[in-house]
Structures are given as C-alpha cells and as structure tokens.
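Residues per chain are reported as follows:
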2 protein chains.
Amino acid sequence: MGTLFVVGIGPGAPAYLTDAAETTLARAEVLCGYTLYVELVRARFPEKVIYTTGMTGEIERCRYALELARSGRTVALVCSGDAGVYGMAAPVLELQPDYPGVTVEIVPGVTAALSGAALLGAPLGHDFCVISLSDRLTDWSVIERRLSAAAAGDFAICLYNPASRHRKDYLRRACEILLRAKGPETVCGMVRNIGREGECVRILTLAELCETEADMFTTVFIGSSQTLQIGERMVTPRGYRT
Amino acid sequence: MGTLFVVGIGPGAPAYLTDAAETTLARAEVLCGYTLYVELVRARFPEKVIYTTGMTGEIERCRYALELARSGRTVALVCSGDAGVYGMAAPVLELQPDYPGVTVEIVPGVTAALSGAALLGAPLGHDFCVISLSDRLTDWSVIERRLSAAAAGDFAICLYNPASRHRKDYLRRACEILLRAKGPETVCGMVRNIGREGECVRILTLAELCETEADMFTTVFIGSSQTLQIGERMVTPRGYRT
C-alpha cells in the first residue's frame, strides 16, 4: 500500500513552500490537483506524472489519488494555501475508510489568511474568523449566520471566495450583514493574486468595501472595532488595554 | 536605514519553515526574539548576532529591533508560528511611526491552527475562529463574548494559550461557555508540542475537554456541529449538503 500526502503549497510563489511540502512533492511519484494549482509547482518537478481536474472535480480527484495510493504509488494531492482550510484534507479523510490500508498524511501550508495578512500588515493580530462566501457546498443561510456571529463577537474577519462569475453580489450582501453590527468606517483590506503576478493590496473602509467588486483571486479582510490604519498598513493590535 | 523583517518560523521543526523565512533569517545580521523561539532556529545560523528577551518583553524587543534597523542593520524578529497571528507584526507596525525611514516587511508562517490541524486531520475544513484564552492583554469579558459568538455561529474553533501556570482553569471556563450552545459530544482535539520533541495528539468530546488540563504548549480544537471523528482523525467536512 502507498501513501497519499495532502500538501498545502501556500499562495503560489515557491518562496512560500515549506521544506516539508517541497520534500514531499519531490518524493511523490504522482502529483494530483486542480489544474491551476498543479501548474504553480509543475515547473519544479518536470519528471512527475501529473493528474489534474477542473475546480469542481474534487471528489473524483480525491478518489483517483486514493486509488493510486492503494496500488502502491506515493501520491501528492496539491492544494493551494493550506491542505486543510477549504482544502482537500477533509474530503480525502472522509473517503479514506473506503481504502483500507492507505496511509494519509497532511502537510500544512500558508493559507491566504496569513499570506494576505502579511501583505496588508497585521489585520489578524488578535482573535479572528475565516469564512468562505461560496455557497456551492454550503447553504447561504449558514454563511449569513456566521457573518452575523462574527460581527457580534467583534472578530477580525477574513473572507475567502468573496465572489465568482455567478456570485457577483455576494461580497455586497456580506458587507450589508456586517454593517448591522460594525461601523461603516471599520478598516478593511483586499489582497489580489497573493504571491503571483499582479499581486496588489488595497485598504478601504467597510462602507467602501460594500461598493467594491471582488473576484475569485481576492481575499478580503474586515477589521475588528480595534483595527487601525497606520500609514499604508492595516493593523489589529494584540493588546486592547494599552 | 535598514530593514526589519518580522518572520514566522512555523511551529519549530525546520521542516515547517518556508523558503522565504529561511532566506530572510540567512540574510539578517541580527536575530531578535523570545528566547525559546530563537533557540529553535539558532543552531542553523550559528554566526548570527542574537538578542533575546523573556516572554513579556515584547515591546522592549520590538523597540530594540526597530532601533537596530534605524542604525542600518538588517534585522529579523523571530516569531513562533505566523508573524501576524498573536505575533510581533502588530506591535512592530504600531511602533513603526516612531522610526521613520525604517522599512518593515512581514514574512508569514504556518501558525499552530494549521500545523496542529494537520496532525489531527482536518478540523478546520470549513469556517473557523481562532481565539486566545490569554487575558494578559485582553479583558476576560472580551474573550467570553467571542467564545459565545463563535458557538452561536457554529464555527469550528481553535484556542491558543488555553492555560498557563496562573490560568489553570481557563480552558474549563471556556468549555462551560461553549457548552451553553454546543453539545457535550462535540468532537474536540488537543495537540501538544507541535513539530517538537514530545509531540502528541488526542481526540476527545467537549464534555471530556472540560475536565482536561492543558498547558501553554497545547493548541485546542473544538468542532462545529458537523465535525466528525473518522478513525483517529478529526474532520470538519467542507460540504454540508452531502
């Protein structure tokens, strides 16, 4: 029986790969993953067997990777960011009981909440929530409930998947929910194409964010009541007593 | 003028360092940080000038690092995990206006929520909150409010600093708050000494967690209503519709 490694590669640039991720990808015989993510590392491992699928082929991809591992191959399933945060670790572990004897190891990586935060400054310097606005696998009512709770708890918030072609107004809808409990001047940030060509950063207010379009390559940060803009940086202080 | 890099080194083992963190530490003339964290990387860079302080010397440490950078040195301020998540990025950026001309760059790292999750399985596979139970810099009332909100939103939750010598019962107090909205059978996990000697993992129920002592080297995970124990893994599924 082989081993399936689920590997977080960070936001894309080789500089964000951990040593463990690099070593695991080098050791694997087959690299699987969503086409775009595999392309990010493919050039470094030209000799590998590659299996890619479109974005919505997660389960097919996980099963294929588990089957290869069952046949004795060492397989790496490549995830953007971290392996666990909206990554392939959960579906692989859900399917694993169908493949007795296959070993699964999870290799963590720098998720967009962390890599995006570093570009903005320190927006997640105190307690925070991570929420995906994608309702492809989650009812919108669950997402709404989480946005309301995050605002009620005065968390800093990081939003993944703030929009897509089919969900152009979701960021606005999310901001409208947050504005019920957060002030319109709340400091917010957007980061696009983290660690890739076209990387850019913007700081704006929650009221402005509500009027702004995002896309699927954007990660959005919404401050707590304590978050500050200091120069061109977004900062949530650790100590609220100072 | 020099540059101050605030660098997240991951949980400790060299395997979790990103290429960017490694390169930055190699390039820096001076490494600053909390004694324990600097020790984790010191062996790899024996030629460096080292400045360490105790855990509560954050501001002193940040000022020292900024002063060194002002004098033209290239300085790395070493943080465990990520540079921004309860790390030194926020206090450095708050102090930066006192040191005009000094450049500050944040290098992200794998925070304990991610490295601990990978050891447990995929507890953060869907929306999650990160909350610190340390009330050294935060009023306990703020922490309570966040715990209640996180439970109301049915988030998976990762707790940092669940206990210390002076806060032996804080984890119990947190569990009691969570038990008002979450079931006693909620799947939870604890990870101790991530990426270091003595690394260990445990899965237990929220009711059991309430009766369990933690220490400052432990990271705690509390599932959402959807979190499962699958074999020896803790898994929060991505899709709630399946």
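Everything below is about the structure shown above.
Residues numbered from 1 in each chain as written. Chains lettered and ligands numbered in written order. Predicted model: local features only at pLDDT ≥ 70, side-chain atom pairs only at ≥ 80, totals over all residues. Heavy atoms only, no water.

Novice: Quick one: what's the story with the interface of chain B and chain A, residue by residue and with numbers?
Specialist: Opposite the 66 residues of chain B that make contact, chain A presents 66 residues. Overall, the association of chain B and chain A removes approximately 5,600 Å² of surface from exposure, summing both partners, and the carbon and sulfur fraction of that is 57%. Remark: the boundary between chain B and chain A carries six salt bridges. As a salt-bridge pair, Glu58 of chain B and Arg238 of chain A come within 3.6 Å of each other at their nearest N and O atoms. One can count 28 residue pairs in polar contact (both at pLDDT 80 or more) joining chain B with chain A. (Contact = heavy atoms within 4.5 Å. Buried area = accessible area lost by both parts, 1.4 Å probe. Salt bridge = Lys/Arg side-chain N within 4 Å of Asp/Glu carboxyl O. Polar contact = N/O pair within 3.5 Å; in protein donor to acceptor, adjacent residues only side chain to side chain.)

Novice: Hey, could you go over the packing of aromatic side chains for me, with residue numbers and the actual values?
Specialist: Inspection of the entire model under this criterion finds eight aromatic pairs over all chains. The interplanar angle of 85° and the centroid separation of 4.9 Å between the aromatic rings of Tyr34 of chain A and Tyr37 of chain A together place this pair among those described as edge-to-face. Under the relative-accessibility criterion, Tyr34 of chain A is labelled buried at 15%. Over the aromatic face of Trp140 of chain A sits the side chain of Arg173 of chain A, whose NZ or CZ is 4.5 Å from the ring centroid. A cation over an aromatic ring shows up here: Arg173 of chain B above the ring of Tyr170 of chain B, its NZ or CZ 4.6 Å from the ring centre. (Phe/Tyr/Trp six-rings, centres within 6.5 Å; stacked < 30°, edge-to-face > 60°. Buried < 20%, exposed > 50% of the residue type's maximum accessible area, 1.4 Å probe, protein only. Lys NZ or Arg CZ within 6 Å of the ring centre and 35° of its normal.)

Novice: Describe the relation of the copies chain B and chain A, with residues and values.
Specialist: After a rotation of 180° and a shift along the axis of 0.0 Å, chain B superposes on chain A with an RMSD of 0.0 Å. The two molecules are tied by a two-fold rotation axis, judged by turn and shift. Interface overlap between copies is the fraction of interface residues in one copy that are interface residues in the other; for chain B against chain A it reaches 100%, indicating a shared surface. (Least-squares fit on C-alpha atoms with pLDDT ≥ 70 in both.)

Novice: Account for the environment of Ala174 of chain B, naming residues and giving values.
Specialist: Take Ala174 of chain B: it is sitting in helix H7 (residues 170–178). Those residues in contact with Ala174 of chain B that lie beyond four places of it in its chain are Leu133, Leu147 and Leu159 of chain B. (Helix = DSSP H or I, 4+ residues; strand = E, 2+ residues; numbered from the N terminus.)

Novice: Which residues make up the sheet that holds strand S13 (residues 233–235) of chain B, and what values go with them?
Specialist: Residues and elements named next belong to chain B. Read from one edge of the open sheet, three strands run S6-S13-S12, paired in mixed fashion. Unpaired on one side and paired on the other, strand S6 (121–122) and strand S12 (228–230) mark the two borders of the sheet. With two bridges connecting them, S6 and S13 associate as parallel partners. The partner of Ala122 across the bridge, within S13, is Val235. (Pairing = 2+ DSSP bridges.)

Novice: I'd like a description of a nonpolar patch on the surface, backed by residues and values.
Specialist: Among the surface-exposed residues, Leu36, Met216 and Phe217 of chain A lie close enough to one another that they form a single nonpolar patch of about 240 Å² accessible area. Mapped onto the fold, Leu36 of chain A is located in helix H2 (residues 35–42). (Patch = residues over 30% accessible without salt bridge, like charges linked within 9 Å, V, L, I, M, F, W, Y side chains within 5 Å. Areas by Shrake-Rupley, 256 points an atom, 1.4 Å probe, with all protein chains shown as cover.)

Novice: Kindly report on the sheet that holds strand S12 (residues 228–230) of chain A, identifying the contributing residues and their values.
Specialist: Residues and elements named next belong to chain A. Pairing is mixed across the open sheet formed by three strands, whose spatial order is S6-S13-S12. The sheet terminates laterally at strand S6 (121–122) and S12, the two strands that pair on one side only. Inspection of the sheet shows S12 paired to strand S13 (residues 233–235) by three bridges, in the antiparallel sense. Bridge pairing in S13 links Leu228 to Val235.

Novice: Which residues make up the pattern of salt bridges, and what values go with them?
Specialist: By the definition in use, this model includes 26 salt bridges over all chains. When the shortest N-O distance is used, the salt bridge between Asp127 of chain A and Arg146 of chain B registers 3.0 Å. In this pair, Asp127 of chain A sits in the loop between S6 and strand S7 (128–132) while Arg146 of chain B sits in helix H6 (residues 140–152), so the two residues belong to two different chains. Summarising the burial analysis for this pair, Asp127 of chain A and Arg146 of chain B share the class buried.

Novice: Run through the side chain of Asp154 of chain B, naming residues and quoting values.
Specialist: Here Asp154 of chain B is to be found in the loop between H6 and strand S8 (156–160). Taking relative accessible area as the criterion, Asp154 of chain B reaches 11% and is therefore assigned buried.

Novice: Run through the side chain of Gln96 of chain A, naming residues and quoting values.
Specialist: Residue and element names in this part refer to chain A. Among the structural elements, Gln96 can be located in the loop between helix H4 (89–95) and strand S5 (103–107). Taking relative accessible area as the criterion, Gln96 reaches 18% and is therefore assigned buried. At 3.1 Å, the side chain of Gln96 and the backbone oxygen of Val102 are in polar contact. Excluding residues that lie within four positions of it along the chain, Gln96 makes contacts with Leu66, Val102, Thr103 and Val104.

Novice: Provide a residue-level description of the nonpolar core, including the pertinent values.
Specialist: Grouped together as the largest cluster of nonpolar side chains are 56 residues, with contacts concentrated most on Leu209 of chain A together with Leu159 and Leu209 of chain B. Dropping the residues within four chain positions of it, Leu159 of chain B is found in contact with Ile131, Leu133, Leu147, Leu171, Ala174, Thr219, Val220 and Ile222 of chain B. Val130 of chain A together with Tyr86, Val110 and Tyr160 of chain B belong to the second-largest nonpolar core, a separate cluster that totals 40 residues. (Core = buried A, V, L, I, M, F, W, Y, C linked by side-chain atoms within 4.5 Å.)

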